[in-house]
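# What the coordinates show
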Amino acid sequence: MLRSLSISRSQSWLGKIEFRIHISSLLKSEMAPPILSLVLPSETGRVLSIQSHTVQGYVGNKSAVFPLQILGFDVDPINSVQFSNHTGYPSFKGQVLNGQQLWDLIEGLEANDLLYYTHLLTGYIGSVSFLNAVLEVVNKLRSINPKLTYVMGDEGKLYVPPELVAVYREKVVPAASMLTPNQFEAEQLTEFRIVTERDGREACNILHAAGPSKVVITSINIDGNLLLIGSHQKEKGQSAEQFKIVIPKIPAYFTGTGDLMTALLLGWSNKHPDNLDRAAELAVSSLQALLQSTVNDYRRAGYDPQSSSLEIRLIQSQDDIRNPQVRYKAEQYQ
Amino acid sequence: MAPPILSLVLPSETGRVLSIQSHTVHGYVGNKSAVFPLEILGFDVDPIHSVQFSNHTGYPSFKGQVLNGQQLWDLIEGLETNDLLYYTHLLTGYIGSVSFLDTVLEVVNKLRFINPKLTYVCDPVMGDEGKLYVPPELVAVYREKVVPVASMLTPNQFEAENLTGLRIVTEKDGLEACNILHAAGPSKVVITSINIDDNLLLIGSHEKEKGQDPERFKIVIPKIPAYFTGTGDLMTALLLGWSNKYPDNLDRAAELAVSSLQAVLQRTVNDYKRSGYDPQTSSLEIRLIQSQDDIRNPEVIYKAEKY
């Protein structure tokens, strides 16, 4: 358990709890500086990202924050856990945040007027109690910025406990602006099996009716092909604009790709708010370039990329994130 | 079979950094200030967050959680079990307690056992402008235990004085302080900001071989009339990054680091002004994200003058 700490400047030195007073950096007046990422016009925004942190490797916030920063966003990460490495390794060690500790951080931000965000981003959430805390965060952020875009990523797991699925379906999906489930999650959330492209589009429609105006089912296996299906319901009740992108299958397993994909979709759909297909092309192209580089690098290192799941070459692929060459085009459904 | 750590197996100009610093949800200090620039420069960075706070402690209030020495060690053990403890660099900044600092020393030993060539870049954060902002007991631990194991040290003037017992009034004093520190341990010392006769200087010193005269230089830095947070952490990260690229030219590395930092600060001041805010009203969060091009490809404006 992490010790929680709450201190205001007027408190005197506390014996066991040490903290630092930046004498030279104390705010000189009670007036806090404005949050420039909100005050100055820009194509980007300010993202609160609540995901896991692993010291080593690229999943959760390690996979999502850097790409968004590359794309010009100020990102405020809340690390829901701090683990040595992701849980797919033979072992891991670290600490977990509970709902109250998450809320402490939110209160700390609120007390300093730092809760105005343009975007909220969440990924894997491990428990019903944490999920409920996240829902309260959504409400709090929306009470401060009603136009908050809440992008909900996928759990990244093949198995999600049923009690979690129920909370997602009934409470979280209705609050989301954009949803990026994988095929399995889309099926769980809609209780609908996706076998054909038409099923995929129908699943999107079901999700639109529940809440989010933007849905991207990031990877669907249909007849041996891998597809992305995206859907944007521009006005409630209207038919959604839907498209697909055919994605090459790369014969390897990676970790962190779902979290990266969701972050890229957030970034590019912010830049192209009315063109989800364009945003998805850019996101897919970045991701594919990165995955190809990853496989190539493991081979160069003399390692068979199919031997185990691979950590992605995120840092080495930053140019593909900043300026993707669009290789995978969206095909609109009529 | 675990996959190899590519950042170590494949040749590159960069490396793999373990960075043990604080994390603030909002703002740019500690790991928030150090990790992104190093990633921009091509390093794989593994951050251990020593705390997770809502914002830095200069705001009227903050909330969050603190890691203790045991929890730090848990993470190290987790990495060790998976053979993930081979690093080229270790980076530390602000540390709030003797017990945590002692654990960091054990981390240094463990990492060096695995990679004897580990470069430990240590920012001995203790205070500034004549005031200590860590528990006084830390000073002796830094002086006696940490400095001897550091490869590169990046103290400010106040910290250099505390570590050497020397008052730095002239450039000659600054150079003497570097010599004292070389003798204690680190082959590279950068005193990141010294006030001499109303000018702001950086003094750098590289002792290429033990016992040899070090190569020394200074860079005159413009004073920007504003207070910022996170600049020390950013500076140390930039020095790590650029000195890895130019291992035998600390002056070149420092020019690049200073030029990047100054560009970040100037942009920060300009952006606050653009937003209608007087930059001197309070301390400012740096425009790190918006300055990434200056970090990736700094225009060298501030040149080193060799002594």
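Note that the structure is a prediction, hence the values are computed from the model and not measured. (Residues numbered from 1 in each chain as written. Chains lettered and ligands numbered in written order. Predicted model: local features only at pLDDT ≥ 70, side-chain atom pairs only at ≥ 80, totals over all residues. Heavy atoms only, no water.)

### Quick notes on the overall build of chain B
Applicable threshold: Strands are runs of DSSP state E lasting at least 2 residues, helices are runs of H or I lasting at least 4, and numbering of each runs from the N terminus. Throughout, radius of gyration means the C-alpha value; the globule benchmark is 2.2 Å times the number of residues raised to the power 0.38. Working definition: with a 1.4 Å probe on protein chains only, accessible area under 20% of the residue-type maximum means buried, over 50% means exposed, and in between means partly exposed. Contacts were defined at the residue level, with two residues in contact if any of their heavy atoms lie within 4.5 Å. Using a 1.4 Å probe, accessible areas were evaluated by the Shrake-Rupley method; residue-level cover was limited to the displayed protein chains. Positive residues here are Lys and Arg, negative ones are Asp and Glu, while His and the chain termini are left out of the count. Lys charges are placed at NZ, Arg charges at CZ, Asp charges at CG and Glu charges at CD.
When its secondary structure is counted, chain B shows 10 helices and 14 strands. What you see for chain B is a C-alpha radius of gyration of 18 Å, in line with the 19 Å of a compact globule of 307 residues. Along the first, second and third principal axes, the C-alpha set of chain B runs to 55 × 50 × 40 Å. Evaluated residue by residue, chain B yields a buried proportion of 65% over its 307 residues. Within chain B, residue pairs in contact and separated by at least 24 positions form 69% of the contacts whose partners lie at least 6 positions apart. Surface accessibility of chain B: about 10,800 Å² in total, with carbon and sulfur atoms responsible for 48%. Put simply, chain B has 26 plus and 37 minus side-chain charges, and the middle of one group is 3 Å from the middle of the other.

### Focus: a nonpolar patch on the surface
Filter applied, for reference: Without a salt bridge and with relative accessible area above 30%, a residue can belong to a patch; like charges are then joined within 9 Å and nonpolar side chains (Val, Leu, Ile, Met, Phe, Trp, Tyr) within 5 Å. When a carboxyl oxygen of Asp or Glu is within 4 Å of a side-chain nitrogen of Lys or Arg, the pair counts as a salt bridge.
A cluster of nonpolar side chains, namely Y86(B), F113(B) and I114(B), defines an oily patch on the protein surface of about 330 Å² accessible area. Secondary-structure assignment places F113(B) in helix 4 (residues 98–114).

### Notes on the UniProt feature "domain: Pyridoxamine kinase/Phosphomethylpyrimidine kinase" (unreviewed entry) in chain B
Condition: UniProt positions are given in the numbering used here, feature names are shortened, and annotations may be inferred rather than shown by experiment.
Within the UniProt annotation, "domain: Pyridoxamine kinase/Phosphomethylpyrimidine kinase" (unreviewed entry) is assigned to residues 92–198 of chain B. Secondary structure content for residues 92–198 of chain B is 46% helix and 19% strand, and the end C-alpha separation is 30 Å.

### Some thoughts on the interface of chain A and chain B
Our working definition: In short, buried area is how much 1.4 Å probe accessible area vanishes from two parts on joining, totalled over both. Polar contacts here mean pairs of N or O atoms no more than 3.5 Å apart (in protein, one a potential hydrogen donor and the other a potential acceptor; neighbouring residues in sequence count only if both atoms are side-chain atoms). Amino acids are sorted into nonpolar (Ala, Val, Leu, Ile, Met, Phe, Trp, Tyr, Cys and Pro), charged (Asp, Glu, Lys and Arg) and polar (every other residue, Gly among them).
Contact with chain A, which involves 84 residues of that partner, is made by 80 residues of chain B. Counting the surface lost from both chain A and chain B, the interface buries some 7,200 Å², and carbon and sulfur atoms represent 59% of this. At the junction of chain A with chain B, the criterion picks out 2 salt bridges. Here chain A and chain B share 19 residue pairs in polar contact (both at pLDDT 80 or more) between them. At 8 residues, the largest contribution of residues to the side of chain A that touches chain B is made by strand 3 (residues 74–83) of chain A. A per-class count over the side of chain A that touches chain B returns 39 nonpolar, 28 polar and 17 charged.

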